[in-house]
Amino acid sequence: MVVTRQGFSQVVANAFAGLGFSPTESPTMYEFPLNMFIPGSDLSPLREHFDQIVAGLTTWKPKITKTGIIEPGENVVVSGATYPEAVDKLNNVLAQKLWTDGLPVTPATAERVKWILTGTDLPPSQSLGTIGPRMGIATVQQVAISLAMAGGRPEYLPIVIAVVQAMTSTGPTPGKTATDGDFYTQGWNATTQNTWPVVIVNGPVAKQIRLSSGYGVMGPDPQHPAAAVIGRTIRLILQNIGGGVPGIGSMKIHAPAMQTNMVLAEDEEGLPANWPSYSVSNRGFKPGENAVTCLMVNGVNLINNTNRDLADESLGLVINAILPSGKVPATPPARADMNNLSGLLLMPRLFPQTLHDVKGFDKAALQQFIWEKTKITNNPKQINIVCTGGEQSGMAVWLPNGMGNDIVSKPVALPKNWDQLIKQAEKDLGPLPAW
Amino acid sequence: MTRIAKWLALALLLAVLGVVTTPSATAQAPVTLTLYDPTGAFEVTQTFAPRLPDLNGKTICELSNDSWEAKRTFPLIESLLQKQFPTIKIISWDQFPHGNIAETGIDNDKAATAVKQKGCQAVIVGNAG
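Residues numbered from 1 in each chain as written. Chains lettered and ligands numbered in written order. Predicted model: local features only at pLDDT ≥ 70, side-chain atom pairs only at ≥ 80, totals over all residues. Heavy atoms only, no water.

Engineer: Looking at this structure, how should I read the packing of helix H12 (residues 311–322) of chain A against helix H14 (residues 363–374) of chain A?
Structural biologist: The angle between the axes and the distance between the axes are what describe a pair of packed helices. All names here are of chain A. Relative orientation of the contacting elements H12 and H14 amounts to 50°, with a least axis distance of 10 Å. In terms of orientation, H12 and H14 fall into the oblique class. Pair H12 / H14 crosses with right-handed handedness. Together, Leu 315, Val 318, Ile 319 and Ile 322 of H12 and Leu 366, Phe 369, Ile 370, Lys 373 and Thr 374 of H14 make up the contact between the two elements. Here the contact of H12 with H14 is composed, by residue class, of seven nonpolar, one polar and one charged. (Axes fitted to C-alpha atoms, helices over the stretch in contact; angles between N-to-C directions. Helix = DSSP H or I, 4+ residues; strand = E, 2+ residues; numbered from the N terminus. Parallel < 35°, antiparallel > 145°, perpendicular 65-115°, else oblique. Left-handed = near helix turned anticlockwise from the far one by under 90°. Contact = heavy atoms within 4.5 Å. Nonpolar A, V, L, I, M, F, W, Y, C, P; charged D, E, K, R; others polar.)

Engineer: What's the story with empty space enclosed by the protein in this structure? I'm lost.
Structural biologist: Leftover empty space is mapped by rolling, across the atoms, a probe with the size of a water molecule. Going through the model one piece at a time under the given rule, you end up with two cavities of 30 Å³ or more. For the largest cavity, the calculated volume is near 40 Å³. Taken together, A:Leu94, A:Trp99, A:Ala108, A:Met149, B:Leu35, B:Tyr36 and B:Pro38 make up the full set of residues lining the largest cavity. Its residues assigned to classes, the lining of the largest cavity shows seven nonpolar, no polar and no charged. Within this model, the second largest cavity holds a volume of roughly 30 Å³. Lining the second largest cavity we find A:Ile131, A:Val163, A:Val164, A:Met167, A:Ile234 and A:Ile237. (1 Å grid on protein atoms, 1.4 Å probe; cavity = no way out; pocket = protein on both sides within 12 Å on 5 of 7 lines; lining within 4 Å. Points joined across faces, edges and corners; volume = space filled by probe spheres on them.)

Engineer: Would you mind going over the state of the cysteines with me for this structure?
Structural biologist: In protein chemistry, a disulfide is the covalent bond that joins the sulfur atoms of two cysteines. On inspection of all chains with the given rule, the structure shows one disulfide over all chains. Between B:Cys61 and B:Cys120 runs a disulfide, and the two sulfur atoms are separated by 2.0 Å. Its torsion about the S-S bond being -90°, the disulfide of B:Cys61 and B:Cys120 is classed as left-handed. On the criterion of sequence distance, the pair formed by B:Cys61 in strand S3 (residues 59–64) and B:Cys120 in the loop between helix H3 (109–117) and strand S5 (122–128) is long-range, its members being 59 residues apart. In this pair, the class of B:Cys61 matches that of B:Cys120, namely buried. Its sulfur unpaired, A:Cys294 is 20 Å from the next cysteine sulfur, which belongs to A:Cys387. Exposure remark for A:Cys294: the relative accessible area of 0% places this residue in the buried category. (Disulfide = S-S within 2.5 Å. Buried < 20%, exposed > 50% of the residue type's maximum accessible area, 1.4 Å probe, protein only.)

Engineer: Before we go on, may I ask you to explain H14(A) in this structure?
Structural biologist: One turn of an α-helix holds 3.6 residues; hence residues three or four places apart share an orientation. Residue and element names in this part refer to chain A. If you check H14, its first and last C-alpha atoms are 17 Å apart, about what twelve residues at 1.5 Å a residue would give, namely 16 Å. Of all the residues in H14, the buried ones are Lys 363, Leu 366, Gln 367, Ile 370, Trp 371 and Thr 374. One face of H14 carries all of its buried residues, which in axial projection span an arc of 130°. Summarising the contacts, the buried residues of H14 are in contact with helix H11 (278–281), H12, strand S11 (344–347), helix H13 (350–359) and strand S12 (385–387). With a side-chain oxygen lying 3.3 Å from the backbone nitrogen of Ala 364, the N-terminal cap of H14 falls on Asp 362. Once H14 finishes, Lys 375 follows within two positions and takes phi at roughly 50°, a positive value. (Expected span 1.5 Å × (residues − 1). Arc of directions from axis to C-beta. Polar contact = N/O pair within 3.5 Å; in protein donor to acceptor, adjacent residues only side chain to side chain.)

Engineer: How do you make sense of the packing of aromatic side chains when you look at a structure like this?
Structural biologist: By convention here, two paired aromatic rings are described through the distance between centres and the angle between planes. Taken as a whole and judged by the stated rule, the model has seven aromatic pairs over all chains. Each ring, one from A:Phe16 and one from B:Phe48, has its centre 6.0 Å from the other, and the planes form 40°; the classification is tilted. One end of the pair, A:Phe16, is in helix H1 (residues 9–17); the other, B:Phe48, is in the loop between strand S2 (42–44) and S3, on a second chain. Ring pairs connect the aromatic residues A:Phe16, A:Phe21, A:Trp60 and B:Phe48, which therefore count as one cluster. One residue, A:Arg5, lies across the ring of A:Phe8, its end atom 3.9 Å from the ring centre. In this structure, B:Lys118 is placed above the aromatic ring of B:Phe96, and the distance from its NZ or CZ to the ring centre is 5.7 Å. (Phe/Tyr/Trp six-rings, centres within 6.5 Å; stacked < 30°, edge-to-face > 60°. Lys NZ or Arg CZ within 6 Å of the ring centre and 35° of its normal.)

Engineer: Whenever I open this one, the layout of surface pockets confuses me. Can you help?
Structural biologist: Residue and element names in this part refer to chain A. Reported here for the second largest pocket is a volume of approximately 400 Å³. The wall of the second largest pocket is formed by 21 residues, among which Lys 207, Ser 213, Glu 266, Asp 267 and Glu 269 lie closest to the centre. Considered class by class, the residues forming the lining of the second largest pocket number eight nonpolar, six polar and seven charged.

Engineer: I'm lost on the pairing of strand S7 (residues 196–202) of chain A in this one. Help?
Structural biologist: Every regular strand shows the same layout, with side chains that alternate between the two sheet faces. All names here are of chain A. The element S7 is largely enclosed, with a buried count of seven among its seven residues. When S7 meets strand S9 (residues 291–297), the two strands line up antiparallel, connected through seven bridges. By the bridge assignment, Trp 196 is partnered in S9 with Val 297. Of the pairings in the sheet, the one linking S7 to strand S8 (residues 262–265) comprises four bridges and is parallel in character. Bridging across to S8, Ile 200 finds its partner in Leu 264. (Pairing = 2+ DSSP bridges.)

See the structure below:
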């Protein structure tokens with residue numbers, strides 16, 4: 001028997017789903033009015049509905065009485081006089097079922113999903129893990145359905161699969177290696193906190209699929225559609241498989257950036273000498289390996305006016321953004337492993353280049369500098385720095401860490417037909433953009 | 001005018017008058033789209049416990065995350081239960097791990113172990129959310 005506040009019944013059902021109960025049937029529950037939260041509030045609603053609590057303990061009968069796999073529902077069938085009419089009807093039906101993100105989706109027909117599945121060698125039925133809080137099973141097929149709905153292409157699927165593998169990771173905390181942390185999706189996908197995932201892609205796959213590391217990175221970009229589509233796919237997975245429907249299964253009070261989350265590539269070609277990529281310096285991968293790293297953030301602090309030839313001033317602005325209070329903790333955090341969440345610094349290529357040329361900084365020196373001035377992590381190596389945003393130097397961004405447990409990385413597995421997929425993308429979308 | 005030319009002229013006249021439509025304007029076959037359910041399967045590994053026919057003589061336990069006025073609502077629930085079921089035994093929330101602290105909170109194996117050890121026959125959890 002659960003006593004909870006008004007509007008949280010599905011949150012409670014999802015929490016029980018995390019323990020192995022059916023997410024389609026809430027436990028017995030009494031929802032009291034929201035204003036009973038106010039200290040000193042009138043508790044008479046509880047007194048007046050006390051019979052509900054007694055009934056929950058005595059006479060309630062569950063509908064689901066057996067364990068086992070519960071398959072998804074029947075396929076949705078819609079008809080229209082024309083294709084546009086059918087698509088309109090489809091989107092209306094999906095909106096009523098709470099299966100869209102509010103924008104029209106592309107029909108996830110059998111043909112389209114089959115096409116998307118050419119982006120992996122994994123069997124469609126293979127489970128990648130469960131997505132909390134609903135704990136839906138994210139099979140390769142279900143992930144491909146979400147990618148199809150988001151308007152995706154097969155060459156995006158390896159990235160989406162790696163992201164789902166990271167987000168379903170429930171390994172030991174603190175994680176021993178970059179690939180075995182606990183991403184705690186059942187927590188941050190349900191919380192009231194304003195937290196969202198960032199996906200960093202390293203390796204040649206980023207450029208091959210047109211994932212931006214340049215101007216407008218993380219934003220909409222017709223030359224680099226991958227970020228918006230992959231990010232939207234993640235959103236649909238979190239909502240439909242994971243149960244994170246706003247106000248029903250996800251209680252985020254504010255949810256900036258959740259439409260497409262933040263998916264970005266590192267500008268590996270723009271890195272200065274002695275400046276390893278993020279996946280190499282912080283995540284344990286080899287240069288040239290394809291990898292995704294997922295971490296949770298809860299904001300965007302703009303670092304303005306980080307201009308060339310102003311290296312010292314620019315570094316001061318970075319420190320101010322990371323530690324606005326200016327109060328350096330006497331004792332740094334205890335957790336010393338590399339999976340510890342600790343925010344993320346994004347800088348366009350000319351900024352690290354300036355630090356390299358003017359101050360002689362390599363990446364380790366910058367990490368050391370930031371750590372000494374902020375002590376936000378246990379040690380300098382934990383400072384997360386990614387070069388992205390294009391050729392200039394005028395801006396950087398600090399993303400403070402959000403609710404979550406660990407940073408988790410996964411290698412990206414490309415299918416045998418990868419070259420064919422990339423050639424087809426060039427036919428469909430034109431030559432790769434210059435940057 | 002040949003017979004074919006006469007027919008063409010008639011067809012043109014009827015088309016102009018709107019009596020005959022061109023093939024492109026005729027009714028098209030309806031388009032049907034069949035979509036997959038995007039929510040996916042899930043596995044039920046636990047089912048809810050059977051209810052108690054009567055709370056008299058039973059041991060009812062409380063678990064709390066210390067939030068949302070739980071320290072006021074639980075005493076009220078206790079008093080109401082005690083009044084309606086005089087022989088009920090209630091073990092209060094403060095006798096179990098409580099709060100949201102990872103090591104000592106409600107979301108902990110220690111809480112489940114304590115529920116079993118204390119012989120709880122039903123549990124009221126609050127105030128979740």
